[in-house]
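Results of the structural survey
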Amino acid sequence: MQKTMAQVDIMELQYLEKIRLAHPSWLSSEDSVLNVAITTLIGPICLLLRAFIRMKLNPSSYIGQFLLDCMSLMVPIIISFTVLSTSTFRLFLIVLIVIICICKAYKIESISSIYQIYPLQEFGMPFLNTYRALVNLCTIVVILAVDFSLIFPQKFHKRYTNGFSLMDTGVGSFIFSHALVAPESRFNTISESRLKRIKQCLISSSMLIVLGCGRLFVTWLTDYSVSEEEYGKHWNFFFTLALVKLLTTMIFCSLPASATNFSWVIATVVGVGYQCLLSLADFKDWIIIGDNKDGSYTGGFIHANRPGLFSSLGYCSLYMFGVQVGRLIFTPRVKWVDHAKCFEKLIVIAAASGLMTCLLHAHIDKSSRMIANLTFVIWQICHNTILLLSSYAVDLLSALYSTPENPLIPGQCVSCSNRKSRSNCCCLLSAINRNQLFFFLIGNVLTGVVNLAVKTGSVEAVPAVATLIAYGGVVCGLTSLLFVFNISTKFW
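Residues numbered from 1 in each chain as written. Predicted model: local features only at pLDDT ≥ 70, side-chain atom pairs only at ≥ 80, totals over all residues. Heavy atoms only, no water.

Turning to the overall build of the protein chain, a few remarks are in order. In terms of helices and strands, the protein chain carries 21 helices and zero strands. Counting over 492 residues, the protein chain shows a buried share of 54%. Here the analysis covers contacts within the protein chain between residues at least 6 apart in sequence; of these, 80% occur between residues at least 24 apart. Accessible surface, the protein chain as shown: approximately 21700 Å² in total, 67% of it carbon and sulfur. (Helix = DSSP H or I, 4+ residues; strand = E, 2+ residues; numbered from the N terminus. Buried < 20%, exposed > 50% of the residue type's maximum accessible area, 1.4 Å probe, protein only. Contact = heavy atoms within 4.5 Å. Areas by Shrake-Rupley, 256 points an atom, 1.4 Å probe, with all protein chains shown as cover.)

Written as structure tokens, this is what we have:
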């Protein structure tokens, strides 16, 4: 057995050398959990700065509001992910200091005026919408920025076998954000029959499968370069989302309705069971190097798509953990003390999962996005809970400085709160949340167009950033137009 394991280790090292030559960034020095968290916190911090800007500068025109959102949200994210990536922590501190100074300069409104802005039973969802919009915004920026190799740092690139990086959070954040608003999270499954839940799941999953097949066909038709090492030969992100949705719905439907109250227990069983399979057998080595011991993705469907197929087990665990956090968020809160308790629970979840991530990474198994092991799952809980917390803090702080005439909570301006009115509104966050799938798809399409039209790997810093801003402006602009005309692309 020792000889066999030694042979496997040698073959894995040989394959990793091949990967290093083909994709040097995949095996370069990894980032840290803290740095990844700080990098993504630029979004919520800039969101708070945007709120204070709107206290003095609140344009009423469509174009004015759109430009304010782009300049205060999209552009800082692009710059912090690229040319200022080595100074992200300094940028974070500078913006934070500016916000603290502004807070001291402005008077906090009384609690009674806040009551007028928000009925307390309705307060609590804005930060969830903020979080989900920021996840989408960061994603569409990164999927193109990574191709500009002269300005996008290697530490942000996806890790091949294990490690932490900004791009490793993409799929995990999407899975987690979808779980937060799942029917099980919103207590919508209590009165629904199992058959109806399965039918709804099949409809939504079928759309994802269609999109996955469409992406597969387009990449084949255009001969667009796609790395097989990420998901496999035929698999892609949409298939993972569909499979996770199907598996988790089947699990919840096979259990009593009250089981959703303890979805974290089910998630733990699935996550630990999958980790045992990876650790106690040679399953992890097989996923990485395959039957041929050379990392090829040939043969049958399962062997050709083993990373995408089996990592879905880890993502199922993450999804069910997300459902548990979602149930916490959707629990009614009628007093401000309820918000404080919810905030405290999220802090405990973030701290506990952060500590567990460090322990698991050091002593059990290093975090791996490719196989979605238990360490990766716990890290994604920590990362996304931190982003949720920061969005929640932005909401609460914005509420304290709001007035009934000018509410500052993100996505909750007067026009966004009353979409039936014809008031001018072009709030970017609300626009993204209204048509998230369209936003993501148009970003992917334009990423392909830019890569086909421009040799992104050799573009210098200034034109690269200009291209990213133009690309982001088009994606956000098209999504905002749909919002302005009250159009929803979701028809199922």
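The next subject is the side chain of Asn-136. Take Asn-136: it is sitting in helix α7 (residues 126-145). Residues within four places of Asn-136 in sequence aside, it is in contact with Phe-174, Ile-432, Gln-436, Phe-439 and Phe-440.

Turning to the confidence of the model for the protein chain, a few remarks are in order. Per-residue confidence for the protein chain gives a mean pLDDT of 80, with 81% of residues at or over 70. pLDDT under 50 marks residues 417-424. Its contacts with residues more than four places away, or in other chains, come to 11 contacts. (pLDDT = per-residue confidence, 0-100.)

Positive phi is not limited to glycine here, since Ala-372 has a value of about 50 degrees. Relative accessible area serves as the criterion here: at 0%, Ala-372 is assigned to the buried category. Here Asn-486, not a glycine, exhibits a phi torsion of approximately 60 degrees, which is positive. Of note, Asn-486 is situated in the segment after α21 (461-484).

With that settled, the discussion passes to the nonpolar core. If you look at the biggest cluster of nonpolar residues, it comprises 56 residues, and the most contacted ones within it are Tyr-131, Ile-175, Phe-176, Leu-180, Phe-237, Tyr-315 and Leu-388. Secondary structure elements with two or more residues in this core: α7, α8 (169-180), α11 (237-253), α12 (263-280), α15 (306-329), α16 (336-363) and α17 (374-400). Setting aside residues up to four positions removed in sequence, Leu-180 forms contacts with Leu-128, Tyr-131, Ser-185, Gly-322, Val-325, Gly-326, Ile-329, Phe-330 and Leu-388. Membership of the second largest hydrophobic core comes to 46 residues, among which are Leu-47, Leu-73, Ile-432 and Tyr-471. (Core = buried A, V, L, I, M, F, W, Y, C linked by side-chain atoms within 4.5 Å.)

Turning to helix α20 (residues 436-453), a few remarks are in order. Helix length check: α20, at 18 residues, gives a terminal C-alpha distance of 26 Å against a target of 26 Å (1.5 Å per residue), a fit within 8%. Of the positions making up α20, those classed as buried are Gln-436, Phe-439, Phe-440, Ile-442, Gly-443, Thr-447, Gly-448, Val-450 and Asn-451. Packed against the buried residues of α20 are α7, α8, α11, α19 (428-434) and α21. (Expected span 1.5 Å × (residues − 1).)

Quick look at the packing of aromatic side chains now. Inspection of every chain in the model, using the stated rule, returns 18 aromatic pairs. The interplanar angle of 50 degrees and the centroid separation of 5.4 Å between the aromatic rings of Phe-237 and Phe-440 together place this pair among those described as tilted. With a gap of 203 residues between them, Phe-237 in helix α11 and Phe-440 in helix α20 connect regions that are remote in the sequence. Both residues of the pair, Phe-237 and Phe-440, belong to the buried class. Here Phe-343 and Tyr-392 contribute two aromatic rings whose centre-to-centre distance is 5.6 Å and whose plane-to-plane angle is 65 degrees, an arrangement assigned as edge-to-face. Taken together, the positions of Phe-343 in helix α16 and Tyr-392 in helix α17 put the pair 49 residues apart, joining distant regions of the chain. Classification of Phe-343 as partly exposed rests on a relative accessible area of 22%. Note on Tyr-392: relative accessible area 0%, which makes it buried. (Phe/Tyr/Trp six-rings, centres within 6.5 Å; stacked < 30°, edge-to-face > 60°.)

Take the packing of helix α2 (residues 33-40) against α17 next. Put simply, α2 and α17 touch, their axes get as near as 10 Å, and they point 30 degrees apart. In terms of crossing hand, the pair formed by α2 and α17 is right-handed. The residues of α17 that touch α2, namely those facing Val-33, Val-36, Ala-37 and Thr-40, are Trp-379, His-383, Ile-386 and Leu-387. Of the residues contributing to the contact of α2 with α17, the split by class is six nonpolar, two polar and no charged. (Axes fitted to C-alpha atoms, helices over the stretch in contact; angles between N-to-C directions. Left-handed = near helix turned anticlockwise from the far one by under 90°. Nonpolar A, V, L, I, M, F, W, Y, C, P; charged D, E, K, R; others polar.)

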